[in-house]
Amino acid sequence: MKKLIPLLVVLTVVLAACGGSTPTPAATGGGGLPAEAAAVAAERGLTQDDIYAALKTYTPSGQLDPYIMFSSGGQGGQVLVIGVPSMRILKLIAVFTPESWQGYGYGGSGDETLAGGFMPNGDEIKWGDTHHPNLSETGGEYDGEFLFINDKANARLAVIDLRDFETKQLIKNPNAISDHGGAFVTPNTEYVIEGPQYATPIGWEYATLDEYQAKYRGLITFWKFDRAKGRVDESKSFQIELPPYWQDLCDAGKGPSEGWFFCNSINSEMATGGIESGGEPFEAGTTKNDTDYLHIFNWKKAEEVANSGGAEEINGIKVIRLETAIAEGILYFSPEPKSPHGSDVTPGGEFIVVGGKLDPHVTVYSFQKIQDAIAAGGLDTDTYGVPVIPLDKAMEAQVEIGLGPLHTVFDDKGYAYTSVFLDSVVARWTLGGPYDDKNPEEGWTLVQKLPVQYNIGHIAAAEGDTASPDGNYVVALNKWSIDRFANVGPLLPQNFQLVDITKTGDQMKVIYDMPIGMAEPHYAQIIKADKLKPFEIYPEIGWNPETMSVDPNAVTDPANARVERNGSNVEIWSTVVRSHFTPEHVEIEEGDRVVWHFTSLERTRDATHGFALGGYNINLSLEPGETQTIEFDANKSGTFVFYCTEFCSALHLEMLGYFLVEPK
Ligand code: K7E
Ligand code: CUA
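It should be emphasised that the depicted structure is a prediction, and the values quoted were computed from it without experimental measurement.

1. Describing the overall build of the chain
Scanning the chain from terminus to terminus reveals 11 helices and 44 strands. For a compact globule of 664 residues, the expected C-alpha radius of gyration is about 26 Å, and the chain comes in at 28 Å, within 12% of that figure. Projecting the C-alpha coordinates of the chain onto the three principal axes gives extents of approximately 80 × 80 × 50 Å. Sorting the 664 residues of the chain into buried and exposed places 56% on the buried side. Taking contacts inside the chain between residues at least 6 apart in sequence as the whole, the part at least 24 apart equals 62%. Looking at the chain, you have 48 positive and 91 negative side-chain charges, and the mean spots of the two groups are 3 Å apart.

2. A short note on the side chain of K254
Topologically, K254 is positioned in the loop between β12 (246-252) and β13 (260-266). With no salt bridge to any partner, buried K254 finds its closest opposite charge in D251, at an N-O distance of 4.9 Å. Polar side-chain contacts of K254 include one of 3.2 Å to the backbone oxygen of D465. Setting aside chain neighbours within four positions, we find K254 in contact with P187, V345, T346, P347, G348, G349, D465, T466 and A467.

3. Describing the pattern of salt bridges
Between side chains of opposite charge, pairing is possible as soon as their charged atoms come close. Enumeration over the complete set of coordinates arrives at 29 salt bridges. Among the ionic pairs, R593 bridges to D633, the shortest N-O distance being 3.1 Å. Taken together, the positions of R593 in strand β39 (residues 593-600) and D633 in strand β42 (residues 627-633) put the pair 40 residues apart, joining distant regions of the chain. A relative accessible area of 29% places R593 in the partly exposed class. Assessed through its relative accessible area of 42%, D633 is described here as partly exposed. When salt bridges with common partners are traced through the structure, they connect R217, E241, E312 and R321 into a single cluster.

4. As for the packing of aromatic side chains
Where two aromatic rings form a pair, the distance of their centres and the angle of their planes describe that pair. In this structure the tally under the stated criterion is 37 aromatic pairs. Both rings, one in F535 and one in Y538, keep their centres 5.9 Å apart while their planes meet at 65°; by these two values the pair is edge-to-face. Of the residues examined, Y538 reaches a relative accessible area of 4% and is grouped as buried. Summarising the aromatic geometry, the rings of Y616 and F659 are spaced 6.0 Å apart at their centres and angled 85° between planes, so their arrangement reads as edge-to-face. Of the two residues, Y616 is situated in the loop between β40 (609-613) and β41 (618-622) and F659 in strand β44 (residues 656-662); the sequence distance between them amounts to 43 residues.

5. Quick look at the sheet that holds strand β10 (residues 218-226)
Taken in spatial order, the six strands make up an open sheet running β8-β9-β10-β11-β16-β15, and their pairing is mixed. Each having just a single partner strand, β8 (184-185) and β15 (312-314) make up the two edges of the open sheet. Taken together, the two bridges between β8 and strand β9 (residues 191-194) define a ladder with antiparallel strand orientation. Considered in β9, the bridge of V185 is made with V192.

6. Description of the site of ligand 1
Neighbouring residues of ligand 1: H131, H132, H180, L249, H341, H407, G457, H458, K479 and H522. Of the residues assigned to the shell around ligand 1, the class counts are one nonpolar, eight polar and one charged.

7. Details of the sheet that holds β41
Within a sheet, adjacent strands bond to each other through the backbone by hydrogen bonds, running parallel or antiparallel. Taken together, the five strands give an open sheet; going across it, the order is β38-β44-β43-β40-β41, and neighbouring strands pair in mixed fashion. Of all strands in the sheet, those with a lone pairing partner are β38 (585-589) and β41, marking the two edges. Sheet twist, expressed as the mean angle between neighbouring strand axes with direction ignored, is 15°.

So, how was this worked out
- Each residue is numbered by its place in its chain's sequence as written, counting from 1.
- Each chain gets a letter, beginning with A, and each ligand a number, beginning with 1, in the order they are written.
- For a predicted model such as this one, the threshold for reporting local features is a pLDDT of at least 70, and the threshold for listing and counting side-chain atom pairs is 80 or more; totals across whole chains, interfaces and linings nevertheless cover every residue.
- The side-chain values count all of the structure's non-hydrogen atoms but skip hydrogen atoms and water molecules.
- Here a strand is any run of E in DSSP of at least two residues, a helix any run of H or I of at least four, and the numbering for each starts at the N terminus.
- Every radius of gyration here is taken over C-alpha atoms, with the globule rule written as 2.2 Å times N^0.38, N being the number of residues.
- The buried label goes to any residue with under 20% of its type's maximum accessible area, the exposed label to any with over 50%, and the partly exposed label to all in between, with areas taken from a 1.4 Å probe on protein chains only.
- Between two residues, a contact is recorded if the distance between any of their heavy atoms is within 4.5 Å.
- In this charge count, Lys and Arg are treated as positive and Asp and Glu as negative; neither His nor the chain ends contribute.
- Charge positions come from single atoms, namely NZ of Lys, CZ of Arg, CG of Asp or CD of Glu.
- Salt bridge, as used here, is a side-chain nitrogen of Lys or Arg placed within 4 Å of a carboxyl oxygen of Asp or Glu.
- Polar contacts here mean pairs of N or O atoms no more than 3.5 Å apart (in protein, one a potential hydrogen donor and the other a potential acceptor; neighbouring residues in sequence count only if both atoms are side-chain atoms).
- Only Phe, Tyr and Trp rings take part, Trp by its six-membered ring, and two of them pair if their centres are within 6.5 Å. Stacked means planes under 30 degrees apart, edge-to-face means over 60, and tilted covers everything else.
- For two strands to pair, DSSP has to find at least two bridges joining them.
- Proximity is defined per residue: if any heavy atom of the residue lies within 4 Å of a molecule or strand, that residue is considered near it.
- The classification used treats Ala, Val, Leu, Ile, Met, Phe, Trp, Tyr, Cys and Pro as nonpolar, Asp, Glu, Lys and Arg as charged, and all other residues, Gly among them, as polar.
- An axis is simply a line fitted to the C-alpha atoms; with a helix, the fit covers only the stretch in contact. Between two such axes, the angle follows the N-to-C directions and lies from 0 to 180 degrees.

Below is the structure:
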């Protein structure tokens, strides 16, 4: 009984502190709930910290999360949408991988979107390795309009429209076969940047590994974003040729560093592996040097050069050659220790933070010092002639935080948070102020190392990549979960841990574990929920989500639903509403070409219908007001059934039709 007293005290105090509204009798009635809650806590063996965590995260039915996290779905090729702090999955957005339940890649407009990401020869790619989601920004703040994400495996970029949380565009990079440092936006989303990763000859032409230094190249792409169209405009985009170091994570400058862009890199050794034939294995060959190169780009200058004839067109896109980039002052390097990962610009834009996987420090670069060194000139160059700013001329500070620092995010209190992989901790440290040469190291101090479970990769903060991060939460995106969840066999979930960062000093706390029972996410961004203004239903009946306008083939009245034949072409206009398809009988002939339009007449929120056509690999999701078109050859005769795949009403099971294909 003694053990219960502190619990009771905490609960009473916390409950009393919960908002200014008058507590309901149920909450305090004669101490009823605290006693009951204390009994539950005792029964479950909950500590005071557990009770605090529960109260910080429990979200009653109908209460909405103040933040929304967009997480990469890793090699599953999707984006996960998660409420914070409840850590409930709200949606999985199909991006690079077909998802039948969203009707993405099973007959509807998603087919065309997916086809945009196929190889130039038309070869289909039906998955992606998503790493870095990035929200569109205006003035360095998330604006809630668009989300971008890369596919590392195939060097592709995706555009998701946050009016309906659907993927609108995939683009295959015409000159790179893998990427990593993307998607990252400039502060007004002028460009969405896709950094490279593993060097290959431009256009992935054939060249042997003996020709690595001569022919293999890095390549960074600045995709021009047309906000009005909601699409990337390849004709106004450009690339910059880079030495064959493996450019890694990137971030755009903002504030004083706006117009610049920063990427860390690995493999300044230009290792080519091949242990089986006497070479050094990659992991040894790429980690011999003590430093690699932070890549520093003047993208405003690059834009000018690309738009004034300074680029060469390769496979349909402008490419600024390495010599041009050097001659025009577009590219500089500065050494970064050791096996770097992560490149994160501070909210004020004055500093760039780089982690070193094999170095116990984070290294902080000063943008002003970089500018001063460039202005002073006289810089040595690397093998390819790129000017190198010595580390001591660019560095502002180093903070020793532990083994394996990776990524850094920020809050509103002047703290930085770095994920530390080998130590499995979140390190909180203080950012020194703007550069003061009388006291250059002031304020760069480690404050707390919070253990997380286990092996944290990325870390995400609420509004974390903006010019004004919030200070409530960070999420540790842990790669391993080991013993945190019930055993589900040898392939385990990842573990997202929510960390409360509201209190200053060494008071960070883990307050929630969320298993990700899917692929392995990399990065995530967290936006204030009230910045998102998605449709509740599509604005008008007949809305085509691809064009974001009313489709010419929309049918707003079931009386106009019909089947028309023109030779062997059959065109069908169907309406869909609870609880029937019109028409319910579709009779055609084997070998017909079928074009079939569907319009949902629903105006009720959440009244979604599906359209499944068994035997033809077709399934659509028809949200209220949506119009979709499918096209296929009726290459199989027989009696087929189409039915609704969403339980939409009491008579959902009766929502079906017959599709009769008469043999030739
Ligand atoms: Cu997983 Cu950003 Cu691709 Cu680091 S990267 S962890
Ligand atoms: Cu419509 Cu079920």
